[in-house]
Amino acid sequence: MGIVNVTPDSFSERGGFVSTQAAIDYALKLRDAGADILDIGGESTRPGARPVPADEEIGRAMPVVEVLAREGCCVSIDTRKPEVMQAALAAGAAMVNDVTALRAEGALETVAASDAAVCLMHMLGEPQTMQEAPMYEDVVREVGAFLQARVAACEAAGMSRERLVIDPGFGFGKTVAHNLALLRRLDRLVALGVPVLAGLSRKSMLGALTGRVVSEREYAGIAAHLAAVARGAQLLRVHDVAAMRDALAIWNAVEEADDGT
Ligand code: HH2
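About the criteria used
Residues numbered from 1 in each chain as written. Predicted model: local features only at pLDDT ≥ 70, side-chain atom pairs only at ≥ 80, totals over all residues. Heavy atoms only, no water. Helix = DSSP H or I, 4+ residues; strand = E, 2+ residues; numbered from the N terminus. Rg over C-alpha atoms; globule rule 2.2 N^0.38 Å. Contact = heavy atoms within 4.5 Å. Areas by Shrake-Rupley, 256 points an atom, 1.4 Å probe, with all protein chains shown as cover. Lys, Arg positive; Asp, Glu negative; His and termini not counted. Charge placed at Lys NZ, Arg CZ, Asp CG, Glu CD. Buried < 20%, exposed > 50% of the residue type's maximum accessible area, 1.4 Å probe, protein only. Pairing = 2+ DSSP bridges. Axes fitted to C-alpha atoms, helices over the stretch in contact; angles between N-to-C directions. Parallel < 35°, antiparallel > 145°, perpendicular 65-115°, else oblique. Left-handed = near helix turned anticlockwise from the far one by under 90°. Nonpolar A, V, L, I, M, F, W, Y, C, P; charged D, E, K, R; others polar. 1 Å grid on protein atoms, 1.4 Å probe; cavity = no way out; pocket = protein on both sides within 12 Å on 5 of 7 lines; lining within 4 Å. Points joined across faces, edges and corners; volume = space filled by probe spheres on them. Core = buried A, V, L, I, M, F, W, Y, C linked by side-chain atoms within 4.5 Å.

(A) Looking closely at the overall build of the protein. In terms of helices and strands, the protein carries 10 helices and eight strands. A compact globule built from 261 residues should have a C-alpha radius of gyration of about 18 Å, and the protein, at 17 Å, falls within 12% of that. Considering only C-alpha atoms, the protein reaches an extent of 55 × 40 × 40 Å along its principal axes. Across the protein, every contact between residues at least 6 apart in sequence was considered, and the portion connecting residues at least 24 apart equals 65%. Just so you have it, the protein exposes about 11,600 Å², and 53% of that area is on carbon and sulfur atoms. Positive and negative charge centroids in the protein, built from 25 and 35 side chains respectively, lie 4 Å apart.

(B) Fine view of the pairing of strand β2 (residues 38-41). Both faces of β2 are covered, namely the face carrying Leu38 and Ile40 and the face carrying Asp39 and Gly41. Inspection of the sheet shows strand β1 (residues 2-5) paired to β2 by four bridges, in the parallel sense. By the bridge assignment for β2, asparagine 5 is matched with glycine 41. Summarising the sheet, β2 and strand β3 (residues 75-78) pair through four bridges and their orientation is parallel.

(C) Spotlight on the packing of helix α1 (residues 20-32) against helix α2 (residues 54-70). Where α1 contacts α2, the two axes come as close as 9 Å, and the packing angle between them is 40°. With respect to each other, α1 and α2 are oriented oblique. The interaxial crossing formed by α1 with α2 has right-handed handedness. Listed contacts from α2 to Thr20, Ala23, Ile24, Ala27 and Leu28 of α1 are Pro63, Val64, Val67 and Leu68.

(D) Examining the packing of helix α9 (residues 218-230) against helix α10 (residues 241-256) more closely. Packing of α9 against α10 leaves a shortest axis separation of 10 Å and a crossing angle of 40°. By the criterion of interaxial angle, the relationship of α9 to α10 is oblique. The interaxial crossing formed by α9 with α10 has right-handed handedness. Along the contact surface, α9 presents Glu218, Ile222, His225, Leu226, Val229 and Ala230, while α10 presents Ala243, Met244, Ala247, Leu248 and Trp251. A class-by-class count of the residues in the contact of α9 with α10 yields nine nonpolar, one polar and one charged.

(E) Expanded view of the layout of surface pockets. The volume enclosed by the second largest pocket comes to roughly 310 Å³. What lines the second largest pocket is a set of 16 residues, and nearest its centre among them are Met1, Asp36, Leu236, Arg245 and Leu248. Those elements giving two or more residues to the lining of the second largest pocket turn out to be β8 (235-236) and α10. The element contributing the most residues to the lining of the second largest pocket is α10, with five residues. The class makeup of the residues in the lining of the second largest pocket is 11 nonpolar, three polar and two charged.

(F) Expanded view of the nonpolar core. Ile40, Leu68, Ile77 and Leu102 are the most contacted members of the largest nonpolar core, which totals 72 residues. Counting residues per element, this core draws most heavily on helix α5 (residues 139-156), which supplies eight residues. Setting aside its immediate chain neighbours within four residues, leucine 68 contacts Ile24, Ala27, Leu28, Leu38, Ile40, Cys73 and Val75. Counting seven residues, the second largest nonpolar core, distinct from the first, contains Met95, Cys119, Val165 and Leu197.

Here you go:
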């Protein structure tokens, strides 16, 4: 999954893509580099980010979604607002990626009424305050229980399991230690029986462990994502698609190699 932010304040692009055409051109480059899904976001969820009204988010993201869907791309809309989900589904999005796991009023019903896939992510608190003092007794167990409950809510709303993806939400109300625990025991989320998405690209945990600024976290991201793949992650949300594709080509070749026995 390649990340395309149509936001003036996303943490990783220092300004993101404010122009529709620039975002479309960039998204098509990610597709050509090997992204199977293009994740379009019109609101940054980085720690401390300013919430954006739905009409502004729609105005930013929809022209991009529409063109990419028409081009035949598999488009995901990164939003927590039912109005934005609805607009994106009408514009041809095939997936809803929600950092609040469809907890907003009306979100569950909006997605259930479509045939789109959905990524259910765990977040503790709200983006404005989530990194202030995140606390868990057992982060792996609590995140797993939350995701399991959201899967059950989707199924109760009539969505089949095949449409669902779960995500521990690295960096969303988590310390470095929490993120590492979740990555190390990602197998416990995989065991829930729903495909797991991992999104660690350029995140602050990588900076904390390497001392690197956002623009220099590509190699650290590759290592973190391969650690997730080793534990069963099936989707990776990344900025650096070409590099991740190369890493996966090697990884998969080794995993699938005939060892002569
Ligand atoms: N991380 C961000 C946004 N959306 N969605 C999922 N499913 N998983 C994630 O880990 C995730 C996500 C990060 O926030 P943002 O400020 O939007 O930055 P960017 O989109 O550049 O990663």
